[in-house]
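# A look at the structure
Spelled out from the first residue to the last, the chains are:
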Amino acid sequence: MRKIRDEEKRIIEFLLTMIGAKLENYPVSETVYEYEGGVMGSISMQNTDGSTYLKDLIQAHYIDVDSVPVVITLTADKDEKLLDLDFWKEDFSKLIQYPTPDKLKVNIIGNGKLEARV
């Protein structure tokens, strides 16, 4: 476990804003757990192992500085709390540069449709 970084919190709050969520309804944990030792940037915001995935809230895409595409997914658990900020780099290599909100291409998930927004 470690303290959440400012850039992680900025991305989470940006993504929540993009789906019209009230930030007070999705409090961001001050401590997080890094998946894969932080190689790709994925974090869990749950402090317990009992959390069960419910759904993806939103996805965003960007290109890392090595020109490899990255997909970021913000997920919720069965209690509608934030679960993960998941990074998936297409070639499974290490994330080189953490993105800023202005670099993201966002897909809003709803009613089975993805709607692209910048």
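One can find the structure itself at the top, above this paragraph.
Residues numbered from 1 in each chain as written. Predicted model: local features only at pLDDT ≥ 70, side-chain atom pairs only at ≥ 80, totals over all residues. Heavy atoms only, no water.

A few words on the pairing of strand β4 (residues 53–63). Direction of pairing for β4 relative to strand β5 (residues 69–77): antiparallel, over a ladder of nine bridges. Residue pairing across strands places isoleucine 58 opposite leucine 74, the latter belonging to β5. Linking β4 to β5, which pair antiparallel, is a turn of five residues; within it serine 67 sits at a positive phi near 70°. (Pairing = 2+ DSSP bridges. Helix = DSSP H or I, 4+ residues; strand = E, 2+ residues; numbered from the N terminus.)

Side-chain pairs of opposite charge can arise where the charged atoms are in close proximity. In total, this model carries ten salt bridges according to the counting rule given. Glutamate 8 is paired through a salt bridge with arginine 2; the nearest N and O atoms lie 2.6 Å apart. Note on accessibility: glutamate 8 and arginine 2 belong to one class, buried. Each member of the salt-bridge network shares a partner with another, and the members are Arg2, Arg5, Glu8 and Glu34. (Salt bridge = Lys/Arg side-chain N within 4 Å of Asp/Glu carboxyl O. Buried < 20%, exposed > 50% of the residue type's maximum accessible area, 1.4 Å probe, protein only.)

Evaluation of the coordinates by the stated rule reveals three aromatic pairs. Note on phenylalanine 87 and tyrosine 98: the rings are 5.3 Å apart at their centroids and 40° apart in plane angle, and the pair reads as tilted. Residue phenylalanine 87 is located in strand β6 (residues 82–89), and its partner tyrosine 98 is located in the loop between β6 and β7 (105–110); the two are separated by eleven residues in the primary sequence. (Phe/Tyr/Trp six-rings, centres within 6.5 Å; stacked < 30°, edge-to-face > 60°.)

Take the nonpolar core next. Ranked by internal contacts, the top residues of the largest apolar core, which has 28 residues, are Ile12, Leu15, Ile72, Leu74, Leu82 and Leu85. Those elements giving two or more residues to this core turn out to be α1 (6–18), β4, β5, β6 and β7. Per element, the largest residue contribution to this core is five residues, and it comes from α1. The contacts of leucine 82, once residues within four sequence positions are left out, are Ile12, Leu16, Tyr26, Pro27, Val28, Met45, Gln46, Leu57, Leu74, Thr75 and Ala76. (Core = buried A, V, L, I, M, F, W, Y, C linked by side-chain atoms within 4.5 Å. Contact = heavy atoms within 4.5 Å.)

Structurally, arginine 2 is set in strand β1 (residues 2–3). For arginine 2, a relative accessible area of 18% corresponds to the buried category. In this structure the side chain of arginine 2 is engaged in a polar contact, spanning 2.6 Å, whose partner is the side chain of glutamate 8. Here the side chain of arginine 2 touches glutamate 34 through a polar contact of 2.9 Å, side chain to side chain. Aside from chain neighbours lying at most four places away, what touches arginine 2 is Glu8, Glu30, Thr31, Val32, Glu34 and Ile43. (Polar contact = N/O pair within 3.5 Å; in protein donor to acceptor, adjacent residues only side chain to side chain.)

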